[in-house]
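Residues per chain, in single letters:
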Amino acid sequence: MPAESTTIVNVGYRSTNFWLISAGRSRLLVDIGWPGSMGKMRSILKRMDVPLEEIRYALATHYHIDHAGLAQDFKQAGIPLLVIDVQTEAIPRMKTWIKPADNYTEIIAEGNVVISCAESRALLEASGIPGEVLHTPGHSPDSVSLLLDDGSVFTGDLTPPDRVGLEDPAVVSASWRLLWERGARRVYPGHGPPWPLDQILGEL
Ligand SMILES: [Zn+2]
């Protein structure tokens, strides 16, 4: 039987995209809400007819507050946090950006599923989602991208080359080139609408 095709839905709010990838009723959430907003997240998922327990894992592209703010809240609701080993150091630093009014639930290491990029394909395959996680630094050292075998890639805040500011442009370019070489074609960013990766090839 051929693998069920994957669908991609944006469940984001407040200018950040949170991408829900589904293979039938097996789902993966890429980027995990703003701090203190679990009620809003729950109501969006409910409106889209997505029971929380169908989400196999939540994965943050990187540990900034608008991308991983609800990671611990999801864990408490029974959804494991998938952490790539290059991200572990960034997690405790997240709270330094948080204000008390944000109602952030601090992420603890206990219960996290920590894997390497090399282990990601087997784990995703077991959830019916063909693809892999790649380390794509540039916006931050802990940034990773989820690349599906159909060419869809979830890049978080990896900076387009023409918008590089404080980032190292060589690191940013190397990450985009890696994604292209591994088959990435359609970019699902952390902010704004999807765009075709070939539009930046001339700048890499
Ligand atoms: Zn960021």
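What counts, and at which threshold
Residues numbered from 1 in each chain as written. Predicted model: local features only at pLDDT ≥ 70, side-chain atom pairs only at ≥ 80, totals over all residues. Heavy atoms only, no water. Phe/Tyr/Trp six-rings, centres within 6.5 Å; stacked < 30°, edge-to-face > 60°. Helix = DSSP H or I, 4+ residues; strand = E, 2+ residues; numbered from the N terminus. Buried < 20%, exposed > 50% of the residue type's maximum accessible area, 1.4 Å probe, protein only. Donors = N, O, S within 2.8 Å, 3.2 Å for Na, K, Ca; no water. Tetrahedral: all angles 85-135°; square planar, octahedral: opposite > 155°, others 65-115°. Pairing = 2+ DSSP bridges. Right-handed = clockwise from strand over helix to strand, strands pointing away.

S.K.: Please clarify how the packing of aromatic side chains should be interpreted in this entry.
M.R.: Each aromatic ring pair is described using two quantities: the centre-to-centre distance and the angle formed by the ring planes. For the structure shown, the criterion picks out five aromatic pairs. Taking 5.0 Å as the distance between ring centres and 80° as the angle between the ring planes, the aromatic pair formed by Trp 19 and Tyr 188 counts as edge-to-face. You can see Trp 19 sitting in strand β2 (residues 19-23) and its partner Tyr 188 sitting in strand β10 (residues 186-189), a full 169 residues away along the chain. One exposure class covers both Trp 19 and Tyr 188, and it is buried. Plain terms: the ring middles of Trp 176 and Trp 195 are 5.4 Å apart, the flat faces sit at 55° to each other, and that makes the pair tilted.

S.K.: Is there a simple way to think about the coordination of the zinc ion in this case?
M.R.: In an ideal tetrahedron of four donors about a metal, each angle is 109.5 degrees. In an ideal octahedron of six donors, the angles are 90 or 180 degrees. Only His 62 (NE2), His 64 (ND1), His 139 (NE2) and Asp 157 (OD) from the protein reach the zinc ion as donors, at distances of 2.2 to 2.4 Å. For the zinc ion, the four donor atoms are set out with angles of 89 to 173° between them, so the coordination reads as irregular. Positions of the donor residues of the zinc ion, expressed as sequence spacing, correspond to H-x1-H-x74-H-x17-D. Remark: Asp 157 occurs in the loop between β9 (152-156) and α6 (169-181) and His 62 occurs in the loop between β4 (55-59) and α2 (65-68); sequence separation between them is 95 residues. Here His 62 falls in the buried class, since its relative accessible area comes to 0%.

S.K.: Would you mind going over the pairing of strand β3 (residues 26-30) with me for this structure?
M.R.: Within a regular beta strand, the side chains point alternately toward one face of the sheet and then the other, so they alternate between its two faces. Burial within β3 is extensive, with five of its five residues counted as buried. Both faces of β3 are covered, namely the face carrying Ser 26, Leu 28 and Val 30 and the face carrying Arg 27 and Leu 29. Note that β2 and β3 share five bridges and pair antiparallel. Within the sheet, the bridge partner assigned to Ile 21 lies in β3 and is Leu 28. Here β3 runs beside β4; their pairing, made up of four bridges, is parallel. Of the residues in β4, the one forming a bridge with Leu 29 is Ala 58. A crossover connection joins β3 to the parallel β4 through helix α1 (residues 38-47); in handedness this β-α-β unit is right-handed.

S.K.: How do you make sense of the sheet that holds strand β11 (residues 195-196) when you look at a structure like this?
M.R.: In a beta sheet, neighbouring strands pair by backbone hydrogen bonds and run either parallel or antiparallel. Ordered by their spatial adjacency, five strands build an open sheet running β7-β8-β9-β10-β11, and the pairing between neighbours is mixed. Each having just a single partner strand, β7 (131-135) and β11 make up the two edges of the open sheet. Bridge analysis of β9 against β10 gives four bridges, and the strand direction is parallel. From the neighbouring strand, Gly 156 faces β10, where its bridge partner is Pro 189.

Geometry only, nothing functional implied.
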